[in-house]
Amino acid sequence: MPVLLFLIDTSASMNQRTHLGTTYLDIAKGAVETFIKLRGRDPASRGDRYMLVNFEDVPYGIKAGWKESHATFMTELRNLQATGLTSIGQSLRNAFDLLNLNRLVTGIDNYGQGRNPFFLEPAIIIAISDGNKLTSTSGVQDELHLPLTTPLPGSELTKEPFRWDQRLFALVLRIPGNASVEPEPVGGVPPDDSPITPMCEVTGGRSYSVFSQRTLNQCLESLVQKIQSGVVIKFEKTGPDPPPLEGKSLICCCLVPHSSGVQPWHCCHKLIYVRPNPKTGVPIGHWPIPEAFWPDQNSPTLPPRSAHPHVRFSCLDAEPMVIDKVPFDKYELEPSPLTQYILERKSPHTCWQVFVCNSAKYSDLGQPFGYLKASTALNCVNLFVMPYNYPVLLPLLDDLIKVHKFKPTLKWRQSFENYLKTMPPYYIGSLRKALRIMGAPNLLADNMEYGLSYSVVSYLKKLSQQSKIEYDRLIASIGKKLPPEAGIKVRWRGGGISLGHRRDFIQQLQSLSGDGPNMPMELNPKEFQGFHLAMLNKGLKPQSFRNPYDIPRSHLLDQLSRMRRNLLNTSVCNLRGQDSDQLHSVPIAQMGNYQDFLKSAPQPLRDADPEQPKRLHTFGNPFKLDKKGMMIDEADEFVTGPQNKGKRPADSNNSGGGGPKRRRCMSPLLRLGRAYTPPVTPPASPRPAGEPPPGIEGGTEVNNELRALITKEIRKPGRHYEKIFLLLKQIQGTLDTRLIFLHNIIKEAARFKKRVLIEQLENFLEEIHNRANNMNHVDTL
């Protein structure tokens, strides 16, 4: 399961814009998303684990680690902001520590017991930066330096902060601000000359100098191909160069010497591919690569190992040795000048032995533990890892199988015992498994020591427990936000005492306030030790205290200054002790939060008329009524919503007689308009002298009282309308006055959806019209 860790530069320089109109940080975010899409085409990407780290301090810089989901990774990626410094050294150390946090718990490094290539956790770190100056709190640096101190337990067991299955690749953004008219160079992407490039090469990776969007896409496709399961090994030649083959001449670019005179194939820092088992999906191996020291049972500590094993190869041709039933491991080498040189020799039947210095007890070079050999098809070079000092062991095992038939003689046992004395003791476990596969499990005693002292074993167990505690602590701290700074601390750059400790402090203070003569200022009053520049607190909300005892003691002076400012400036913006700009400094997500505004608002006064229908506090629709508080006729409910939700049974008097007929819903005002036709007003007769005009006669105070009583009766539930019609008969005034009064009562009944009452009032209105028409007819006759 490969780990893909993205280290994103979030320094302020990432805000610079390119000729594409986007910032470097936007390009970095898009590059990560494009990489994930390209990687998703491979079925093997299902087991990928993505991590995200930026240039903030631990744990705030870890945005997605071991426990965060892919959705969290994408959310944190989109929320990155460029506001910090270019502290890439510390950030790289944090990234390596995050990857190495769980290695001592799982025992994957196997300290003091040999290096197992098949026991690995491949990780690729992809750093995206702009390649500018390395700025930190201590100043500007020209070279990349990783901090030596780290809280990770057991970090002293490895010289470097990384491991042999972790590689660093860097995308250095060099896209200009103005579009270039020159054509882009065709070919591969060159490495960048920024300080991160040497760090990439040390880990077995490389850097890319990105000058355009096309180059960026080309780099991302190359990085997807770099996701390989393997470990990095440093190969170096020992001894003389091989003699040239007879009748063959090598024309190879790898023969071009460096400026130092060393040919490139003499020393290579490359990967060996560790292929997983096609059945289980997990790499399987048998033999480790030896340590660069001989274990001592009396040593209380382990010597620190290098991250990459230093393997030396001899150019003397040797015969490849393989015996039936004796397992071996084969790893393919990444293409390099060394593999190219070996393939150009076209010698698939010879091999070059490999060694690890100081791995033997009495030899500086050590004994061979395998060999390099070209494949039969001459398309790759493989590293064969065999038992330690295999030229001695394999003939003994061959005689055991073929000659002695698994019944060793005394002489064979003596030879085997002599071999065990030259073998590092940590090979005993691997050799015991190999003998069990062969069918000879009893050749090794069960009480043989593995070479580590008791103190070393106890120390490794203690480190495992501490690593587990540190792992849990860091996992719990990921996701916490950085606390706001109380202020900007001003560093003291002078060598003298501060202004407050000077003997003439009172005189200096008087000169500043104007109460005394001006004195020459030798020191800046803002540059004394412990001085902080206050920062604007955007989270500070205006206070509206109604009780003076609600003000905390520590806020009394601030509140007093607000009160003084409100007294001197009584503008609307400053009534609550806040600036005018602060009223508009509201996040977009909170602009429509009207309910919280109502909760914080003071309680409104009670309604003057409590019997009026209560209106809702509806943001944007002040005319919406509270349906729960409406007075609705119980027998004839007001139909709302879709018309097909409720049906009424057909009336008994309906001549249709069929199924239930849906009753058409109509607004009472519309029904009132259709049912009532305004009467034709008779010609006005001359009004006697002293008679008041219509509607303002002497009974108008009585009509107002009647209207209040009738309105009160309309609001009551039920169908008891007898009192309403008794009150209507007491209306005073002319015919026009009574008609206007009756129309107002019908409108009031329509407000409360009193359909039956409206029909009765309409009938009553028609009776008045008929009566008036009859009287006019009699007068005319």
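Residues numbered from 1 in each chain as written. Predicted model: local features only at pLDDT ≥ 70, side-chain atom pairs only at ≥ 80, totals over all residues. Heavy atoms only, no water.

### Section: the side chain of His308
Turning to step 1, where the next piece is worked out: On the secondary structure map, His308 appears in the loop between strand 10 (267-273) and strand 11 (310-314).
Turning to step 2, where the next piece is worked out: A relative accessible area of 8% places His308 in the buried class.
Turning to step 3, where the next piece is worked out: Only 2.7 Å separates the side chain of His308 from the side chain of His269, close enough to count as a polar contact.
Turning to step 4, where the next piece is worked out: If we ignore the near neighbours within four places in the chain, the residues touching His308 are Arg115, Phe162, Arg163, Trp164, Val202, Thr203, Val232 and His269. (Helix = DSSP H or I, 4+ residues; strand = E, 2+ residues; numbered from the N terminus. Buried < 20%, exposed > 50% of the residue type's maximum accessible area, 1.4 Å probe, protein only. Polar contact = N/O pair within 3.5 Å; in protein donor to acceptor, adjacent residues only side chain to side chain. Contact = heavy atoms within 4.5 Å.)

### Observations concerning the sheet that holds strand 11
Hydrogen bonds along the backbone pair up the strands of a sheet, which may run parallel or antiparallel.
Turning to step 1, where the next piece is worked out: The sheet built from seven strands closes into a barrel, its strands ordered 9-10-12-15-14-13-11 with mixed pairing. Each strand axis lies, on average, 35° off the axis of its neighbour in the sheet, ignoring direction.
Turning to step 2, where the next piece is worked out: As paired strands, strand 13 (residues 352-356) and strand 14 (residues 370-374) are joined by three bridges and run antiparallel to one another. Bridge pairing in strand 14 links Val354 to Gly370.
Turning to step 3, where the next piece is worked out: Against the sheet, helix 7 (residues 337-345) contacts strand 9 (230-238), strand 10, strand 11, strand 12 (329-333), strand 13, strand 14 and strand 15 (381-385), and its axis sits at roughly 65° relative to strand 14. (Pairing = 2+ DSSP bridges. Axes fitted to C-alpha atoms, helices over the stretch in contact; angles between N-to-C directions.)

### Observations concerning helix 2 (residues 70-78)
Turning to step 1, where the next piece is worked out: Those residues of helix 2 that sit buried are Phe73, Met74, Glu76 and Leu77. In an axial view of helix 2, the angular spread of the buried residues amounts to 165°, which keeps them on one side of the axis. In helix 2, those exposed residues whose orientation departs by more than 90 degrees from the buried face are Ala71 and Arg78.
Turning to step 2, where the next piece is worked out: At its buried positions, helix 2 is contacted by strand 1 (3-8), helix 1 (24-39), strand 2 (49-53) and strand 3 (62-64). (Arc of directions from axis to C-beta.)

### Some details on the confidence of the model for the protein
Turning to step 1, where the next piece is worked out: Chain-level statistics for the protein give a pLDDT mean of 78 and a share of 73% at 70 or above.
Turning to step 2, where the next piece is worked out: Here residues 571-577 is modelled with pLDDT under 50, and outside its nearest four sequence neighbours on either side it reaches 13 contacts, counting other chains as well.
Turning to step 3, where the next piece is worked out: Note that residues 629-698 has pLDDT below 50 and, in this model, 65 contacts with residues that lie over four places away or in other chains. (pLDDT = per-residue confidence, 0-100.)

### With respect to the side chain of Arg39
Turning to step 1, where the next piece is worked out: Its location among the elements puts Arg39 in helix 1.
Turning to step 2, where the next piece is worked out: Not counting chain neighbours up to four residues away, the residues in contact with Arg39 comprise Pro2, Ala44, Ser45, Asp48, Tyr50, Val224 and Ile227.

### Points about the packing of aromatic side chains
Each aromatic ring pair is summarised here by two numbers: the centre-to-centre distance and the angle between the ring planes.
Turning to step 1, where the next piece is worked out: This model, assessed by the stated rule, comprises 18 aromatic pairs.
Turning to step 2, where the next piece is worked out: With centroids separated by 6.3 Å and ring planes inclined at 10°, the aromatic side chains of Phe6 and Tyr50 adopt a geometry described as stacked. Of this pair, Phe6 sits in strand 1 while Tyr50 sits in strand 2; the two residues are 44 residues apart in sequence, bridging distant segments of the chain. Assigned by exposure class, Phe6 and Tyr50 land together as buried.
Turning to step 3, where the next piece is worked out: Residues Phe328 and Phe384 carry aromatic rings whose centres are separated by 5.8 Å and whose planes lie at 35° to one another, so their mutual orientation is tilted. You can see Phe328 sitting in the loop between strand 11 and strand 12 and its partner Phe384 sitting in strand 15, a full 56 residues away along the chain. (Phe/Tyr/Trp six-rings, centres within 6.5 Å; stacked < 30°, edge-to-face > 60°.)

### A few points about the packing of helix 17 (residues 700-715) against helix 19 (residues 735-751)
Turning to step 1, where the next piece is worked out: In the contact formed by helix 17 and helix 19, the axes pass within 10 Å of each other and the chain directions differ by 25°. The angle between the axes of helix 17 and helix 19 places the two elements in the roughly parallel class. Regarding helix 17 and helix 19, the two cross each other, and that crossing is right-handed. Contacts between helix 17 and helix 19 involve Asn703, Leu706, Arg707, Ile710, Thr711, Ile714 and Arg715 on the former and, on the latter, Thr737, Phe741, Asn744, Ile745, Glu748 and Ala749. (Parallel < 35°, antiparallel > 145°, perpendicular 65-115°, else oblique. Left-handed = near helix turned anticlockwise from the far one by under 90°.)

### What about the pairing of strand 1?
On a regular strand, one side chain projects to one face of the sheet and the next to the other, so that they alternate.
Turning to step 1, where the next piece is worked out: Of all six residues in strand 1, six are buried, a share of seventy percent or more.
Turning to step 2, where the next piece is worked out: Because side chains alternate across strand 1, one face comprises the buried residues Val3, Leu5 and Leu7, and the other comprises Leu4, Phe6 and Ile8, equally buried.
Turning to step 3, where the next piece is worked out: Bridging between strand 1 and strand 4 (residues 123-129) involves six bridges; their strand directions are parallel. Across the sheet, Leu4 pairs through a bridge with Ile124, a residue of strand 4.
Turning to step 4, where the next piece is worked out: Bridge count for strand 1 against strand 2 is five bridges, and the pairing is parallel. Considered in strand 2, the bridge of Val3 is made with Arg49.

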